[in-house]
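Residue-level structural notes
Read off the chains here:
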Amino acid sequence: MNLFFECNMGAAGDMIASALVDLFSDKEAVVDNLNTLGLPDTQIVYGTKTQCGIEGTHLEIIIGGEVETPHHHYHHHHHEHRNLAEVLEIVDSLNVSDKVKDDVKNIYSIVAQAEAKAHNASPGEVHFHELGMLDAIADITISAYLLNELKPERILCSSINAGGGTVECAHGVLPVPAPATANILCGVPYYKSDIETELCTPTGAAVLKYFADEFTDIPEFKNVQKTGVGAGTKELERANIIRVFQYDDSVIAELSCNIDDMTGEEAAFAAERIMESGALDCFIQPIIMKKGRPAYMLTVLCNTADSEKFARLIFKHTTTIGIRKYTPGRYTLDRQISDAGGVHIKRSEGYGQSKSKPEFEDIKKLAVEKDISIFEARELIQK
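Residues numbered from 1 in each chain as written. Predicted model: local features only at pLDDT ≥ 70, side-chain atom pairs only at ≥ 80, totals over all residues. Heavy atoms only, no water.

**Remarks on the overall build of the protein chain**
For clarity, the threshold we go by: Strands here mean DSSP runs of E at least two residues long; helices mean DSSP runs of H or I at least four residues long; both are numbered from the N terminus. Relative accessible area decides the class of each residue, using a 1.4 Å probe on protein chains only: under 20% of the type maximum gives buried, over 50% gives exposed, and in between gives partly exposed. Note on contacts: a residue pair qualifies if any of its non-hydrogen atoms lie within 4.5 Å across the two residues. The charge count includes Lys and Arg as positive and Asp and Glu as negative, but it does not include His or the ends of the chains. Here the site of a charge means NZ on Lys, CZ on Arg, CG on Asp, or CD on Glu.
Each helix and strand counted, the protein chain has 12 helices and 23 strands in total. The proportion of buried residues among the 383 residues of the protein chain is 46%. Taking all contacts inside the protein chain whose residues are at least 6 apart in sequence as the whole, residues at least 24 apart take part in 66%. Here the protein chain carries 36 positive and 57 negative side-chain charges, and the mean point of each set is 10 Å from the other.

Structural data, given as structure tokens:
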């Protein structure tokens, strides 16, 4: 399962969190669970909001009885301030896994580093006012927690609409994107638009920069399972929403080329490097080319979104000057690997079939340890 974030109206932390909640069937139960994560002085309320006729999930983050809005970030300076170390202490106290805690810390550190650069300070010197800080921790924690629950294989994201015009802050009137947001967006494709407001916040930019495996144009969807819609607070002339598509990449890319001027060792090295880079499969077939020349056909199977990545690797590691590309569909069984007494068992189910077998590496390891044949080791594991 993959996710694709469509950011035609920017990216704010609460909108990302809302869109992820919208992917779940029992949204209110999910929000009830979010309220058990130990976010201090925070209540999360599920709701919906309609933007230009489109309804989406809209989470209200209530901090100490106050609803956080985009304006709080700039004007509520009477609240207590905290530094990054204190923020990380709060994250350590949350009732979430260590993986989620690490994700939240890393994302908040991205924000702190961007703020520090904008103000010519060190991340440790940056202070966050209480209300905005707790709101950002909530948005980041919800996003990290839900993505950990969904466990997507890949997360893709479109270019981000940053908005336009200016934004008012404690230091005066600044252009959009604001300096901290612009720092976070370094290396991320974004664009300014004629919508004169801040559409991309530091929190939203940091969450997507951290989690996205790739920023790309809209992929070719063949099997969209769900669409999550997160509605923003601002009422604009266009629907102020972010959408996340949950889909299976059932269509793959098949890249192949004919090679007649590489040795077998060189071709094997190329295949090894391509597999190490995450290809679904890579294999070499002997073929006969024109004039009876013996040659190899190298074939790589990969996700369609990775086509260019693997084309570059093929050109890098082989002598070919041309690659053919096909986009076949495929049927696959659902697979999972379990542990049984130190042996990894691969189980596959679907289409009325159920299959299981031990991993060959574990069979081989047992054969070496006991100085027995591979056949005896397999029989011993199966018993």
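**As for the pairing of strand 11 (residues 166-169)**
To keep things clear, this is the line we draw: Here, strands pair whenever DSSP counts at least two bridges between them.
Burial along strand 11 is one-sided: the residues Val167 and Cys169 are buried and none of Thr166 and Glu168 is. Sheet topology places strand 11 next to strand 12 (residues 172-175); four bridges connect them, and they run antiparallel. Bridge assignment links Val167 to a residue of strand 12, and that residue is Leu174.

**Some details on the environment of Ala239**
One can find Ala239 in the loop between strand 15 (224-231) and strand 16 (241-247). Here the alpha-carbon distance between Ala239 and Thr227, two residues 12 residues apart in the chain, equals 16 Å. Ignoring any residue separated from it by four or fewer positions in sequence, one finds Ala239 in contact with Met9, Gln51, Cys52 and Ile54.

**Focus on the packing of helix 11 (residues 360-370) against helix 12 (residues 374-382)**
Threshold: Angles run from 0 to 180 degrees between N-to-C directions of axes, and those axes are lines fitted to C-alpha atoms, restricted for helices to the stretch in contact. Geometric relationships in this document are graded by angle, where less than 35 degrees denotes roughly parallel, more than 145 denotes roughly antiparallel, 65 to 115 denotes roughly perpendicular, and other angles denote oblique. Helix crossings are classified by the rotation of the near helix relative to the far one: an anticlockwise turn of less than a right angle makes the crossing left-handed, while a clockwise turn makes it right-handed.
Packing of helix 11 against helix 12 leaves a shortest axis separation of 8 Å and a crossing angle of 110 degrees. Taken together, helix 11 and helix 12 sit at an angle that is classed as roughly perpendicular. Read as a crossing pair, helix 11 and helix 12 show a hand that is right-handed. Packed against helix 11, whose contacting residues are Phe360, Asp362, Ile363, Lys364, Leu366, Ala367 and Lys370, the element helix 12 presents Ile374, Ala377, Arg378, Leu380 and Ile381 at the interface.

**Digging into the packing of helix 5 (residues 98-118) against helix 8 (residues 202-211)**
In plain terms, the rule: All residues other than Ala, Val, Leu, Ile, Met, Phe, Trp, Tyr, Cys, Pro, Asp, Glu, Lys and Arg, Gly among them, are scored as polar; the first ten of these are nonpolar and the last four charged.
Running from N to C, helix 5 and helix 8 point in directions that differ by 125 degrees, and their axes come no closer than 9 Å. Judged by the angle between their axes, helix 5 and helix 8 are oblique. Between helix 5 and helix 8 the crossing geometry is right-handed. Between helix 5 and helix 8, the residues in contact are Asp102, Asp103, Asn106, Ile107, Ile110 and Val111 and Pro202, Ala206, Val207, Tyr210 and Phe211, respectively. Its residues placed into classes, the contact of helix 5 with helix 8 shows eight nonpolar, one polar and two charged.

**Describing the sheet that holds strand 20 (residues 324-326)**
Strands pair in a sheet through their backbones, by hydrogen bonds, and they do so in one of two ways: parallel or antiparallel. Read across the sheet, four strands follow the order 18-19-17-20 without closing on themselves; strand pairing throughout is antiparallel. Lying at the two open borders of the sheet, with one neighbouring strand each, are strand 18 (281-288) and strand 20. Sheet twist, expressed as the mean angle between neighbouring strand axes with direction ignored, is 20 degrees. For strand 17 (residues 252-259) and strand 19 (residues 294-303), the ladder comprises eight bridges, and the chain directions are antiparallel. Bridging across to strand 19, Cys257 finds its partner in Leu298. The sheet contacts of helix 9 (residues 264-276) involve strand 18 and strand 19, and relative to strand 18 the element is tilted by about 155 degrees.

**Examining helix 1 (residues 13-21)**
Among the nine residues in helix 1, nine count as buried, and that is most of the element. Every buried residue of helix 1 is accounted for by Gly13, Asp14, Met15, Ile16, Ala17, Ser18, Ala19, Leu20 and Val21.

**Overview of the state of the cysteines**
Using the following cut-off: Criterion for a disulfide: a pair of cysteine sulfur atoms within 2.5 Å.
Tallied over the entire structure, the rule returns zero disulfides. Cys7 supplies the cysteine sulfur nearest to Cys157, a cysteine that is in no disulfide, at a spacing of 3.7 Å. Here Cys282 is not disulfide-linked; the sulfur of Cys257 is the nearest cysteine sulfur, at 9.0 Å. Judged by its relative accessible area of 12%, Cys282 falls in the buried class.

**Topic: the pattern of salt bridges**
Going by this rule: Here, a salt bridge means any Lys or Arg side-chain nitrogen found within 4 Å of an Asp or Glu carboxyl oxygen.
For the coordinates displayed, the defined rule picks out 12 salt bridges. A salt bridge links Asp92 to Lys105; the nearest nitrogen and oxygen atoms lie 2.6 Å apart. On the criterion of sequence distance, the pair formed by Asp92 in helix 4 (residues 84-92) and Lys105 in helix 5 is long-range, its members being 13 residues apart. With a shortest N-O distance of 3.3 Å, Glu361 and Lys364 are connected by a salt bridge. Separated by three residues within a single helix, Glu361 and Lys364 lie in helix 11, roughly one turn from each other. Look at Lys364 and you get partly exposed, because its relative accessible area is 38%.

**A short note on the environment of Ile160**
With respect to the helices and strands, the residue Ile160 is situated in strand 10 (residues 160-163). For Ile160, a relative accessible area of 0% corresponds to the buried category. A C-alpha to C-alpha distance of 29 Å links Ile160 and Val96, two positions 64 residues apart in sequence. Those residues in contact with Ile160 that sit more than four places away from it in its chain are Cys7, Gly10, Ala11, Leu185, Val188, Pro189, Tyr190, Tyr191, Cys200, Leu208 and Phe215.

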